[in-house]
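# Per-entry structural report
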Amino acid sequence: MKQFFISKKNYNGEVVFVNSDKINGYKISPKNNYPYEGIKVNEMIIIKPSLIEKIIKRKIKNRLDFYLKIIIDNLDDDSSDDTRIALDDLARYKKVIKEKYSIYLDEKYMALLNKKISVIERELKNNLLNEKEEVYESTRRR
């Protein structure tokens with residue numbers, strides 16, 4: 001597999017081969033599968049810190065929005081399985097943020113992010129408890 005390095009600053013039309021093990025940065029894999037004529041990109045390493053921070057913050061925002069959507073959906077219908085899965089996934093994602101993303105994000109943002117995650121976690125636990133109470137009350141009435 002060939003590895004290329006393209007620099008916007010020094011780009012003069014030629015392609016430079018590099019060893020990606022020497023480059024420190026954030027690795028991403030493109031998810032789009034649109035057919036096109038040209039080079040197929042399997043993996044990119046982003047070096048610019050501000051771009052890395054923007055990408056990670058967008059990924060985190062999308063994931064937190066997903067958890068909020070689960071909370072809102074569970075208010076309408078009772079599905080404790082979705083809540084349990086989301087709670088387990090949130091615990092896993094919290095570890096991912098701490099181990100993988102914390103080196104690219106500043107401490108102030110990490111503190112705010114931990115507060116947001118704890119609020120979402122508390123709401124998911126409350127939804128789970130409310131569902132258990134409703135099941136208990138319905139069995140008690142019989």
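The following paragraphs examine the structure supplied in this document. (Residues numbered from 1 in each chain as written. Predicted model: local features only at pLDDT ≥ 70, side-chain atom pairs only at ≥ 80, totals over all residues. Heavy atoms only, no water.)

### Details of the overall build of the protein
Helices and strands together make up the secondary structure of the protein, namely 3 helices and 4 strands. Listing the helices and strands of the protein from first to last along the sequence gives β-β-β-β-α-α-α. Among the 142 residues that make up the protein, the fraction classed as buried is 23%. Carbon and sulfur atoms make up 53% of the accessible area of the protein, which totals about 11500 Å². (Helix = DSSP H or I, 4+ residues; strand = E, 2+ residues; numbered from the N terminus. Buried < 20%, exposed > 50% of the residue type's maximum accessible area, 1.4 Å probe, protein only. Areas by Shrake-Rupley, 256 points an atom, 1.4 Å probe, with all protein chains shown as cover.)

### Some words on the layout of surface pockets
Roughly 340 Å³ of volume is contained in the second largest pocket. For the second largest pocket, the lining is made up of 13 residues, of which Tyr26, Ile28, Lys31, Ile55 and Lys59 are closest to its centre. Looking at the lining of the second largest pocket, the elements with two or more residues in it are β3 (26-28), α1 (49-76) and α2 (80-101). Per-element accounting of the lining of the second largest pocket gives the leading share, 5 residues, to α1. Here the lining of the second largest pocket is built from residues that sort into 5 nonpolar, 2 polar and 6 charged. (1 Å grid on protein atoms, 1.4 Å probe; cavity = no way out; pocket = protein on both sides within 12 Å on 5 of 7 lines; lining within 4 Å. Points joined across faces, edges and corners; volume = space filled by probe spheres on them. Nonpolar A, V, L, I, M, F, W, Y, C, P; charged D, E, K, R; others polar.)

### Looking at the pattern of salt bridges
Overall, the coordinates contain 6 salt bridges when judged by the stated rule. Across the pair Arg63 and Asp89 runs a salt bridge, and its minimum N-O distance is 2.9 Å. Of this pair, Arg63 sits in helix α1 while Asp89 sits in helix α2; the two residues are 26 residues apart in sequence, bridging distant segments of the chain. Residue classification places Arg63 among the partly exposed residues on the basis of a relative accessible area of 26%. The salt bridge partner of Glu121 is Lys94, with a shortest N-O separation of 3.1 Å. (Salt bridge = Lys/Arg side-chain N within 4 Å of Asp/Glu carboxyl O.)

### Thoughts on the packing of aromatic side chains
In the structure shown here, the tally under the stated rule is 4 aromatic pairs. Taking the centre distance of 6.5 Å and the plane angle of 55 degrees together, the rings of Tyr67 and Tyr93 count as tilted. Placement of Tyr67 in helix α1 and of Tyr93 in helix α2 is noted, with a sequence separation of 26 residues between them. Chaining the aromatic ring pairs together yields one cluster made of Tyr26, Tyr101 and Tyr104. Over the ring of Tyr109 we find Lys57; its NZ or CZ atom is 4.6 Å from the centre of that ring. Stacked on the ring of Tyr93, the Lys or Arg Arg63 has its end atom at 5.3 Å from the ring centre. (Phe/Tyr/Trp six-rings, centres within 6.5 Å; stacked < 30°, edge-to-face > 60°. Lys NZ or Arg CZ within 6 Å of the ring centre and 35° of its normal.)

### Observations concerning the side chain of Asn127
Inspection of the secondary structure puts Asn127 in helix α3 (residues 107-141). Not counting residues within four places of it along the chain, the set of residues in contact with Asn127 comprises Ile71, Asn74, Leu75 and Thr83. (Contact = heavy atoms within 4.5 Å.)

### So, the nonpolar core
If you look at the biggest cluster of nonpolar residues, it comprises 24 residues, and the most contacted ones within it are Ile60, Ile97, Tyr101, Leu113 and Leu124. The set of elements that each furnish at least two residues to this core consists of α1, α2 and α3. Ranked by residue count, the leading element in this core is α1, at 8 residues. When near neighbours in sequence (up to four residues on either side) are disregarded, Ile97 contacts Ile60, Ser102, Met110, Leu113 and Ile117. (Core = buried A, V, L, I, M, F, W, Y, C linked by side-chain atoms within 4.5 Å.)

Keep in mind that these numbers describe shape and distance, not what the molecule does.
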